[in-house]
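Understanding the architecture of this molecule
Spelled out, the chains give:
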Amino acid sequence: QVQLVESGGRLVQPGGSLRLSCVASGRTFSSYTMGWFRQAPGKEREFVATISWSGGTYYADSVKGRFTISRDNAKSTVYLQMNSLKHEDTAVYYCAARSGVLLSTVNYDYWGQGTQVTVSS
């Protein structure tokens, strides 16, 4: 079992930056592939980024070049650095974990409670 707790969401102006954090507890963090997802009002949850235990990454086209996912296995934490934020990035952002070493955009086993990011002037 893995417990995930996100933090860092807040109101930010368009063009601004924000870093989300997700702390994991329970099983060995380094053995999990981690991901970030988001859900905007009235829309389905969508994949944002994923990172393997060794640091390999993959991004949704909508955030590529603006967002960076990283992890610190010693701190059991995964981060999402978000730059050049747009109105359409407004959503609840969720951290997720799945067993295994491969990058994945689906089939995550554990989810956090989410943190709200609002991009508005």
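Scroll up to find the structure.
Here is a short report on the structure shown in this document. Quick caveat: nothing in here was measured; it's all calculated off a predicted structure.

Right, let's talk about the nonpolar core for a bit. Counting residues in each nonpolar core, the largest one holds 35 residues, and the members touching the most others are Leu4, Met34, Trp36, Val78, Leu80, Met82 and Tyr93. Breaking this core down by element, the ones donating at least two residues are β1 (2–7), β3 (18–26), β4 (32–39), β5 (46–51), β7 (67–72), β8 (77–82), β9 (91–99) and β11 (115–119). Per-element tally for this core: the top contributor is β9, with 5 residues. When residues no more than four places from it in sequence are discounted, the contact partners of Leu80 are Leu18, Arg19, Leu20, Trp36, Val48, Ala49, Phe67, Thr68, Ile69 and Tyr93.

A separate point is the side chain of Glu6. The topology assignment puts Glu6 in strand β1. For the buried Glu6, no salt bridge exists, and the shortest N-O distance to an oppositely charged side chain is 7.9 Å, to Arg45. A polar contact of 2.8 Å, which involves the side chain of Glu6, links it to the backbone nitrogen of Cys95. At 2.9 Å, the side chain of Glu6 and the backbone nitrogen of Gly114 are in polar contact. With sequence-adjacent residues up to four places away left out, Glu6 is seen in contact with Ser21, Cys22, Trp36, Tyr93, Tyr94, Cys95, Gly112, Gln113, Gly114 and Thr115.

For the rest of this paragraph, the subject is the environment of Ser30. Examined against the element boundaries, Ser30 turns out to sit in the loop between β3 and β4. Other than its neighbours up to four places away in sequence, Ser30 contacts Trp53, Arg71 and Asn73.

A few words on the state of the cysteines. Going through the model one piece at a time under the given rule, you end up with 1 disulfide. The residue that forms a disulfide with Cys22 is Cys95, at a sulfur-sulfur distance of 2.1 Å. The sign of the -75 degrees torsion about the S-S bond sets the Cys22-Cys95 disulfide as left-handed. Of the two residues, Cys22 sits in strand β3 while Cys95 sits in strand β9, which places them 73 residues apart along the sequence. Residue classification places Cys95 among the buried residues on the basis of a relative accessible area of 0%.

The next point concerns unusual backbone geometry. The backbone phi angle of Ser84 is positive, close to 50 degrees, even though this residue is not glycine. Position of Ser84 relative to the elements: it lies in the loop between β8 and β9. Given the relative accessible area of 41%, Ser84 is considered partly exposed. Its identity is not glycine, yet Asn107 carries a phi of approximately 60 degrees, on the positive side. By the secondary structure assignment, Asn107 is in the loop between β9 and β10 (110–111). Exposure remark for Asn107: the relative accessible area of 58% places this residue in the exposed category.

What counts, and at which threshold
Residues numbered from 1 in each chain as written. Predicted model: local features only at pLDDT ≥ 70, side-chain atom pairs only at ≥ 80, totals over all residues. Heavy atoms only, no water. Core = buried A, V, L, I, M, F, W, Y, C linked by side-chain atoms within 4.5 Å. Buried < 20%, exposed > 50% of the residue type's maximum accessible area, 1.4 Å probe, protein only. Helix = DSSP H or I, 4+ residues; strand = E, 2+ residues; numbered from the N terminus. Contact = heavy atoms within 4.5 Å. Lys, Arg positive; Asp, Glu negative; His and termini not counted. Salt bridge = Lys/Arg side-chain N within 4 Å of Asp/Glu carboxyl O. Polar contact = N/O pair within 3.5 Å; in protein donor to acceptor, adjacent residues only side chain to side chain. Disulfide = S-S within 2.5 Å.

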